[in-house]
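Coordinate inspection notes
Read off the chains here:
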Amino acid sequence: MGSLPYAADAESPLKPAELQVLRSQYEKEGVHVGVQTQFNFAWGLIKSSQRNYQQEGVRLLSDIFRTSPERRRECLYYLALGNYKLGNYAESRRYNDLLLEKEPGNLQADSLRGLIDDKVAKEGLMGVAILSGVAIAAGVVGGMIFKGIGNRKR
């Protein structure tokens, strides 16, 4: 576990040539692709900065998670990371919490939990600000309409 990167390190994308090596191996194996090859390719896709690659990586890892129970622990962190990068924070937290239940001292998962919590808090505050702005705007418009109706009656 000591050699695993922290969450921030895992977000750095592979070079295009490195991802191409993983893609070529995955495509070469075709319909009989091995679980390790599929995992490696999914890992590379999740590390990508391109959303469509990240989505494909999450899909591949979800397949492994469903069909290979012996590989679930390995998938949990990267499913959490992939969902985090896609903005699916509830899913990300769910996978990350499962990993932390199995491995409470996992530094990667602990680091990722901090990133998830920060994003959720930040977006929660932005959501409150947006709702407050909408409420204020509605109040101003409502006040103007009410005032306009009052002026017409005179």
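For the structure, check the block above.
Residues numbered from 1 in each chain as written. Predicted model: local features only at pLDDT ≥ 70, side-chain atom pairs only at ≥ 80, totals over all residues. Heavy atoms only, no water.

1. Quick look at the packing of aromatic side chains
Filter applied, for reference: Aromatic rings from Phe, Tyr and Trp, with only the six-membered ring used for Trp, were paired whenever their centres fell within 6.5 Å, and each pair was classed as stacked if the ring planes differed by under 30 degrees, edge-to-face if by over 60, and tilted otherwise. A run of DSSP states H or I qualifies as a helix once it reaches four residues; a run of E qualifies as a strand once it reaches two. Both are numbered from the N-terminal end. Exposed residues in this analysis have more than 50% of their type's maximum accessible area, buried residues have under 20%, and partly exposed residues fall in between, with area computed by a 1.4 Å probe over protein chains only.
The full count for this structure, using the stated rule, is 5 aromatic pairs. Taking 5.8 Å as the distance between ring centres and 80° as the angle between the ring planes, the aromatic pair formed by Phe-65 and Tyr-95 counts as edge-to-face. With a gap of 30 residues between them, Phe-65 in helix H4 (residues 51-67) and Tyr-95 in helix H6 (residues 89-102) connect regions that are remote in the sequence. For the pair shown, Phe-65 and Tyr-95 are each scored as buried.

2. Things to note about the environment of Tyr-77
Here Tyr-77 shows up in helix H5 (residues 72-85). Residue Tyr-77 is classed as buried on the basis of its relative accessible area, which comes to 2%. In the structure, Tyr-77 is positioned 20 residues away from Asp-97 in sequence and 9.5 Å away in space, judged by C-alpha atoms.

3. With respect to the side chain of Gln-38
So the rule is basically this: Note on definitions: a residue-residue contact is assigned when non-hydrogen atoms from the two residues lie within 4.5 Å.
Among the secondary structure elements, Gln-38 is positioned in helix H3 (residues 35-47). Setting aside residues no more than four positions away along its own chain, Gln-38 makes contact with Tyr-26, Val-33, Leu-60, Asp-63 and Ile-64.

4. A few points about the pattern of salt bridges
Put simply, the test is: Each salt bridge in this description consists of a side-chain nitrogen of Lys or Arg and a carboxyl oxygen of Asp or Glu lying within 4 Å of one another.
Evaluated as defined, the whole model comprises 8 salt bridges. Linking Glu-56 and Arg-59 is a salt bridge whose minimum nitrogen-to-oxygen distance equals 2.8 Å. With a gap of 3 residues between them, Glu-56 and Arg-59 both fall in helix H4, about one helical turn apart. On the basis of relative accessibility, which here comes to 28%, the residue Glu-56 falls in the partly exposed class. Judged by relative accessible area, which is 39%, Arg-59 ranks as partly exposed. Residue Asp-110 pairs with Arg-113 through a salt bridge whose shortest N-O separation is 2.8 Å. One end of the pair is Asp-110 and the other is Arg-113, both in helix H7 (residues 107-153) and 3 residues apart, which spans about a single turn. Arg-113 sits in the partly exposed class, given a relative accessible area of 34%. Three or more residues are tied together by salt bridges with common partners; here these are Glu-56, Arg-59, Asp-63 and Arg-66.

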